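Observations on the model geometry
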Amino acid sequence: MEISGRLERINPAPWFTSQKADPQAKLRLFCFPYAGGGASIFRGWNHYLPAGVDVWSVQLPGRGGRYREVPYGAMGSLVKDVTLAIKPFLDRPFCFFGHSLGAIVSFEVAHCLGQEFDLNVEHLFVSGAGGPHLPRNTTDTHHLPDDQFMARLKALNGTPPEVWENPELLRMMLTTLRADFKLAETYACSQRPPLQCPITAFGGLEDSLVSRNDLKAWRTQTTNAFDLWLLPGDHFFVQTCDSLLLQILHRETKRMISAD
């Protein structure tokens, strides 16, 4: 994916609702949600990470307090705007965590920050996504009729039951989910030098969408260290196995702030 055009200023406030910078933070961890997900996915993570790690959850348009906003339909535009929203808060070391679609967005933002501003992420944590350069092994779904699209969503097992029970909420979510699926299904990774930061990949042992080999493919995207963890659960192990995931993130982020 190529980022073309000049990067203009953007108001960062909506992207980090109610977030206040911790002046004592030694490290900022920016978290990127999966398709259809919002910043609430990462609520409470700061309580499970070391003191000195400031957790910032990215709130994309079309969900949460931004539900009235039109979700992005093109990865390039999203990456530009996220990059500009994050940039004012990179006055200290920072790292990224992204799950599924969020892993791809965080990867592209990391590249954009390096190319445009010479700002380098300390560590990239990617979860529930294969290497971005791999060819897709699934068929497009974002254009399907509602009944077929919803059947696909149910098979993924990531949509909360209360959404299915609330027709109005489901109707709003479908627009956002279609846009997010389009982002993932039309994404193309550009050929660029690999990142210089370590990459840690997480996957679910029962994930039928992302295999171990898919996760291992992230190794080629860095000149630094690469690590792989397989945790119990399906594609949404980030919700069902969050305690183990946070233990690993605690260890890794503690190592980063202790090394300063």
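Here the structure is shown first, and the text comes after it.
I will try to describe carefully the structure that is included in this document. Just so you know, these numbers come straight off a predicted model, no measurement behind them.

As for the overall build of the chain
Helices and strands together make up the secondary structure of the chain, namely 8 helices and 6 strands. In sequence order, the chain lays out its α and β elements as β-β-α-β-α-β-α-α-α-β-α-β-α-α. Relative to its full complement of 260 residues, the chain shows a buried share of 53%. Summarising the internal contacts of the chain: among those between residues at least 6 apart in sequence, 81% fall at separations of at least 24. Carbon together with sulfur atoms contributes 50% to the accessible area of the chain, which is approximately 12600 Å² in total.

Let's talk about the pattern of salt bridges
Two side chains that carry opposite charge are able to pair once their charged atoms sit near each other. Applying the stated rule across the entire model yields 8 salt bridges. R28 is the salt-bridge partner of D91, the closest N and O atoms lying 2.6 Å from each other. One end of the pair, D91, is in the loop between helix 1 (75-86) and strand 3 (94-99); the other, R28, is in strand 1 (residues 27-32), and 63 residues separate them in sequence. A salt bridge links E108 to R192; the nearest nitrogen and oxygen atoms lie 3.0 Å apart.

Side note on the packing of aromatic side chains
Under the definition given, this model contains 16 aromatic pairs. Between F42 and W45 the ring centres are 4.9 Å apart and the planes differ by 85°, which places this aromatic pair in the edge-to-face class. The pair formed by F42 and W45 is uniform in burial state, with each residue classed as buried. Between F94 and F96, the ring centres sit 5.6 Å apart and the planes meet at 45°, which makes this aromatic pair tilted. For F94, a relative accessible area of 4% puts it in the buried group. On the basis of relative accessible area, F96 is assigned to the buried category, the value being 0%. Taken together, the ring pairs connect F16, F30, F32, W56, F89, F94 and F96 into an aromatic cluster.

Description of the nonpolar core
By size, the foremost hydrophobic cluster in this structure holds 66 residues, and its most contacted members are F30, W45, F96, F97 and W218. If you tally residues by element for this core, the top one is helix 2 (residues 101-117), at 9 residues. If sequence neighbours within four positions are ignored, W218 has contacts with A103, I104, F107, L124, V126, A129, G130, G131, P132, I199, A201 and F226. With 8 residues, the next largest nonpolar core counts L144, L153, L174 and F181 among its residues.

Concerning the state of the cysteines
Among covalent bonds in proteins, the disulfide is the one between the sulfur atoms of two cysteines. For the structure on display, the rule yields 0 disulfides. The thiol of C31 is not disulfide-bonded; the next cysteine sulfur, from C95, is found 8.1 Å away. Free of any disulfide, C197 has its nearest neighbouring cysteine sulfur in C95, separated by 9.5 Å.

Examining the packing of helix 1 against helix 2
Between helix 1 and helix 2, the shortest axis-to-axis distance is 9 Å and the interhelical angle comes to 65°. Two packed elements cross with a definite hand, and for helix 1 against helix 2 that hand is right-handed. Residues M75, L78, V79, V82, T83, L84 and I86 of helix 1 touch helix 2, and the partners they reach there are L101, I104, V105, E108, V109, C112, L113 and F117.

Quick look at the sheet that holds strand 1
Strand order in this open sheet of 6 strands is 2-1-3-4-5-6, and the pairing throughout is parallel. Either end of the sheet is taken by a strand with one partner, and the two such strands are strand 2 (53-57) and strand 6 (226-231). On average, adjacent strands in this sheet sit at an angle of 15° to one another, irrespective of strand direction.

Section: the pairing of strand 1
With 6 of 6 residues buried, strand 1 lies mostly within the body of the structure. Burial along strand 1 is two-sided: L27, L29 and C31 facing one way and R28, F30 and F32 facing the other are all buried. Bridge count for strand 1 against strand 2 is 5 bridges, and the pairing is parallel. By the bridge assignment, L27 is partnered in strand 2 with V53. Relative to strand 3, strand 1 runs parallel, the two sharing 5 bridges. Looking at strand 3, one finds that F30 is bridged to F96.

Cut-off values and rules
In this convention, every chain numbers its residues from 1, walking through the sequence in written order. Where local features are concerned, this predicted model is filtered to residues with pLDDT of at least 70; where side-chain atom pairs are given and counted, the filter is 80 or more; whole-chain, interface and lining totals use all residues. The side-chain numbers reported here are obtained from all heavy atoms of the structure, hydrogens and water having been left aside. Helix and strand definitions here come from DSSP, where helices need a minimum of 4 consecutive H or I residues and strands a minimum of 2 consecutive E residues; each element is numbered from the N-terminal end. Three labels apply to residues, based on accessible area from a 1.4 Å probe with only protein chains included: buried if under 20% of the type maximum, exposed if over 50%, partly exposed otherwise in between. Working rule for contacts: check all heavy atoms of both residues, and any pair within 4.5 Å makes them a contact. Shrake-Rupley sampling with a 1.4 Å probe provides the accessible areas, and residues are treated as covered by the protein chains on show and by no other component. Salt bridge, as applied in this entry: a Lys or Arg side-chain nitrogen positioned within 4 Å of an Asp or Glu carboxyl oxygen. We call Phe, Tyr and Trp rings a pair once their centres come within 6.5 Å, taking the six-membered ring for Trp, and we label the pair stacked below 30 degrees between planes, edge-to-face above 60, and tilted otherwise. Nonpolar core, defined: a set of buried Ala, Val, Leu, Ile, Met, Phe, Trp, Tyr and Cys residues in which side-chain atoms within 4.5 Å join the residues together. The disulfide criterion is simple: two cysteine sulfur atoms within 2.5 Å. All axes are obtained by fitting lines to C-alpha atoms, using only the stretch in contact for helices, and the reported angles, taken between N-to-C directions, cover 0 to 180 degrees. Note: crossing handedness is left-handed where the near helix turns anticlockwise from the far helix by less than a right angle, and right-handed where it turns clockwise. Any two strands with at least two DSSP bridges between them are considered paired.

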